[in-house]
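Structure at a glance
One-letter residues, chain by chain:
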Amino acid sequence: MQSVITTSHEVHFDAVAKEALNQSIKANTYSKIFVLVDQNTNTYCLPLFHKMFDGEVDAIITIAPGEPNKHIETCLKVWEALSDLGGDRKSLLINLGGGVVTDLGGFVACTFKRGIDFINIPTTLLAMVDASVGGKNGVDLGPLKNQIGVIQQPKMVLVLPSFLKTLPEREIISGFAEMLKHGLIVDREYWNTLRSNGVSKDVQSILKSVNIKSDIVTEDPRENGVRKKLNFGHTLGHAVESFFLESNNRDTLLHGEAIAIGMILEAYLAHKLTGLSKLDLDEIKETFLRFYPKVDISTKEISKIKSLLIHDKKNSHGNINFVLLNEIGNAVVDIKVPDELIDEAFTYYKLP
């Protein structure tokens, strides 16, 4: 399998990934090598990692799994562990897990001793095609997604689809939402292929999504322009995800499940504001509802979700900025949306 190598980061696949890892370790004189896992990847993925890694690991650091643990208190425990275990500026942190592990582990590495090397080995489809690629590292602030963090590229990202065999189907479908997003924002042919073939975890599809994201990140690493397109569906999607995360009487949604809702809502906004055709709008809704069952959201809950929009990271000068489509395969950024249209979007989502 191949590699994606840009000016800012390297992504290696399958056998090449194993070779790249071992060559990098041999070429660098790391004082200590640490592996960060959560309780799930410690059980299901760490044995596979040991088979691909020829060197010695100094310590395994384990955190609790899931988005509720992606916060600064968890970082504190990992920082303390690194310090207690003798970590220094020449240490390496290998993040083995899904988006929570790679996001949080990257942030820990970027801030420990003012920055140590880190390698991401994503074990979920979501992390393979999105979270681990692009250099965004951070944690949530309460229920608010990714409010604290830095942009810093990992030494490399290693994608081994064999890890996907350890996942429940719901996690695979969650990651598929980001792949569909990649098609929506830049490549209609890719969108058509995915919606026709269904949930995909084959290497070529993963590679296609990684290439799309890598190209965008290389062009705009600091998210000043075109990289904002990757946030399509995430303005409302993150608000939905945050609401369900903090709700005491609603089950938490996976990231992809919330973003799927966000993409339907923001497709409606695009139809009203940026020229997305009704045909494309209905195609988007039909596609996502085929893979992600409709979630009942009350009027009172919608009001609470809207109140969370003020915390979106794309906002500036008090304005809520959306990324919208003008057609499938092309997105535009920094669109202001009237409040009443957001209510209309939820009404459209609820329609049969």
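Residues numbered from 1 in each chain as written. Predicted model: local features only at pLDDT ≥ 70, side-chain atom pairs only at ≥ 80, totals over all residues. Heavy atoms only, no water.

All right, on to the environment of Gly 99 then. Mapping Gly 99 onto the fold places it in helix H5 (residues 99-111). Along the chain, Gly 99 and Phe 243 lie 144 residues apart, while their C-alpha atoms are 19 Å from each other. In this structure Gly 99 touches Thr 124, Ala 127 and Ala 131, once residues within four positions along its chain are discounted. (Helix = DSSP H or I, 4+ residues; strand = E, 2+ residues; numbered from the N terminus. Contact = heavy atoms within 4.5 Å.)

The bulk of non-glycine residues show a negative phi, and the bulk of peptide bonds are trans. Unusually for a residue other than glycine, Asp 14 sits at a positive phi of about 50°. Relative to the elements of secondary structure, Asp 14 occurs in helix H1 (residues 14-27). Although it is not a glycine, Lys 113 sits at a positive phi angle of roughly 55°. Topologically, Lys 113 is positioned in the loop between H5 and strand S6 (117-122). Residue Lys 113 is classed as partly exposed on the basis of its relative accessible area, which comes to 41%. (Buried < 20%, exposed > 50% of the residue type's maximum accessible area, 1.4 Å probe, protein only.)

The next subject is the side chain of Ser 24. Secondary-structure assignment places Ser 24 in helix H1. Residues within four places of Ser 24 in sequence aside, it is in contact with Tyr 30, Lys 155 and Met 156.

Right, let's get into the sheet that holds strand S4 (residues 59-63). The 7 strands lie next to each other as S1-S2-S9-S6-S5-S3-S4, forming an open sheet whose pairing is mixed. Two strands in the sheet have a free side with no partner beyond their single neighbour: strand S1 (3-5) and S4. For this sheet the average axis-to-axis angle between neighbouring strands, irrespective of direction, equals 20°. By the bridge criterion, 6 bridges tie strand S5 (residues 92-97) to S6 in an arrangement that is parallel. Note that in S6 the partner of Gly 97 across the bridge is Pro 122. Each of strand S3 (33-38), S4 and S5 is contacted by helix H4 (residues 72-84), which is oriented at about 165° to S4, the strand it contacts most. Of the strands in this sheet, S1, strand S2 (10-13) and strand S9 (156-159) touch helix H9 (residues 203-219), which is tilted by about 175° from S2. (Pairing = 2+ DSSP bridges. Axes fitted to C-alpha atoms, helices over the stretch in contact; angles between N-to-C directions.)

Take the nonpolar core next. Residues Phe 49, Leu 158 and Phe 288 are the most contacted members of the largest nonpolar core, which totals 96 residues. The contact partners of Leu 158, leaving out residues within four places of it in the chain, are His 12, Ala 17, Ala 20, Leu 21, Met 52, Ile 119, Asn 120, Ile 121 and Pro 122. Formed by 19 residues, the second largest nonpolar core is a distinct cluster that contains Phe 34, Val 78, Phe 107 and Phe 112. (Core = buried A, V, L, I, M, F, W, Y, C linked by side-chain atoms within 4.5 Å.)

What follows concerns the packing of aromatic side chains. Applying the stated criterion across every chain yields a total of 8 aromatic pairs. The interplanar angle of 80° and the centroid separation of 5.2 Å between the aromatic rings of Phe 176 and Phe 291 together place this pair among those described as edge-to-face. In this pair, Phe 176 is assigned in helix H7 (residues 169-186) and Phe 291 in helix H12 (residues 278-291), connecting sequence segments 115 residues apart. The class of Phe 176 is buried, set by a relative accessible area of 0%. A centroid spacing of 6.0 Å and a plane angle of 50° characterise the contact between Trp 191 and Phe 288, whose relative ring orientation is tilted. Taken together, the residues span a long stretch of sequence, with Trp 191 in helix H8 (residues 188-197) and Phe 288 in helix H12 at a distance of 97 residues. (Phe/Tyr/Trp six-rings, centres within 6.5 Å; stacked < 30°, edge-to-face > 60°.)

All quantities given are derived from atomic positions and should not be read as evidence of function.
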